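Inside the fold
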Amino acid sequence: MRTTMAGLLLALLLTGCHSGDGDDRYDELIDAGWRAYSAGNYTDAQTDFLDAARADQARAEAWNGLAWTEIELHEDEQGDEDYLFAIDGNFQAALARSDNWAPPLAGIALTRTRLGEPSSAIHFAGEALTRVGDSWVYNHNQEVTGRLMRWVRAWNYFLLEDYAASQLEVEAVLEVTLDPEDPDYLSQLLAYIEQL
């Protein structure tokens with residue numbers, strides 16, 4: 001059964017905050033979680049990150065790791081709004097504990113895209129780019145990059161029919177110059193967005 005954000009928060013509140021258990025336990029759980037994540041053992045990673053959040057609710061890495069892990073665990077449910085809201089909530093929890101950190105910002109940008117919230121997705125992708133730039137590659141997930149954040153922005157601007165802004169995102173990455181007067185402009189723009 002899929003774990004919802006409300007269920008996770010309730011479980012954490014019932015078990016209480018154990019920040020007195022020490023930083024070593026938290027760090028060990030985080031390291032174990034990312035090792036499991038890298039190995040594709042997402043159920044183990046989820047357990048480690050949940051245990052880390054129980055050990056110290058005030059630190060961001062457990063919430064961030066939990067959100068990225070649940071994306072992988074529920075990959076087949078990407079259109080399920082309950083799933084997406086739960087993941088978004090975990091990223092928000094990470095961001096609340098570390099407000100200038102790119103990984104949860106990027107995660108929120110991706111979930112907001114899937115939730116059909118283009119303005120919000122554009123904002124969070126822009127915030128991630130401001131902090132880490134176009135050359136960024138997230139060390140725990142090589143597919144999460146500055147270029148992916150450009151795609152988020154270009155795609156969502158396209159959905160909002162702000163084609164000029166979408167074009168700027170494309171041209172920030174690809175060496176192309178699009179002509180808005182070209183009769184095939186929109187199809188060309190869309191084709192270039194797909195290349196990001």
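Since the model is a prediction, treat every value here as computed from it, not as a measurement. (Residues numbered from 1 in each chain as written. Predicted model: local features only at pLDDT ≥ 70, side-chain atom pairs only at ≥ 80, totals over all residues. Heavy atoms only, no water.)

Moving on, we come to the packing of helix H7 (residues 118–132) against helix H8 (residues 146–159). Interaxial distance between H7 and H8 falls to 9 Å at its minimum, and their mutual angle equals 155°. In terms of orientation, H7 and H8 fall into the roughly antiparallel class. H8 is crossed by H7, and the crossing has left-handed handedness. The residues of H8 that touch H7, namely those facing Pro-118, Ala-121, Ile-122, Ala-125, Gly-126, Ala-128 and Leu-129, are Gly-146, Met-149, Arg-150, Val-152, Arg-153, Asn-156 and Tyr-157. Taken together, the residues that form the contact of H7 with H8 break down as nine nonpolar, three polar and two charged. (Axes fitted to C-alpha atoms, helices over the stretch in contact; angles between N-to-C directions. Helix = DSSP H or I, 4+ residues; strand = E, 2+ residues; numbered from the N terminus. Parallel < 35°, antiparallel > 145°, perpendicular 65-115°, else oblique. Left-handed = near helix turned anticlockwise from the far one by under 90°. Contact = heavy atoms within 4.5 Å. Nonpolar A, V, L, I, M, F, W, Y, C, P; charged D, E, K, R; others polar.)

Before going further, it helps to spend a moment on the nonpolar core. Generally speaking, nonpolar side chains in soluble globular proteins are found buried as a group. Formed by 42 residues in total, the largest nonpolar core has its most connected members in Ile-30, Trp-34, Trp-68, Phe-91, Met-149 and Val-152. Going through the elements one at a time, helix H2 (23–38), helix H3 (42–55), helix H4 (60–73), helix H5 (81–97), helix H6 (102–114), H7 and H8 are the ones with two or more residues in this core. Setting aside chain neighbours within four positions, we find Met-149 in contact with Ala-106, Ala-109, Leu-110, Ala-125, Ala-128 and Leu-129. Core analysis: the next-biggest nonpolar cluster, separate from the first, contains ten residues, Leu-174, Leu-189, Ile-193 and Leu-196 among them. (Core = buried A, V, L, I, M, F, W, Y, C linked by side-chain atoms within 4.5 Å. Buried < 20%, exposed > 50% of the residue type's maximum accessible area, 1.4 Å probe, protein only.)

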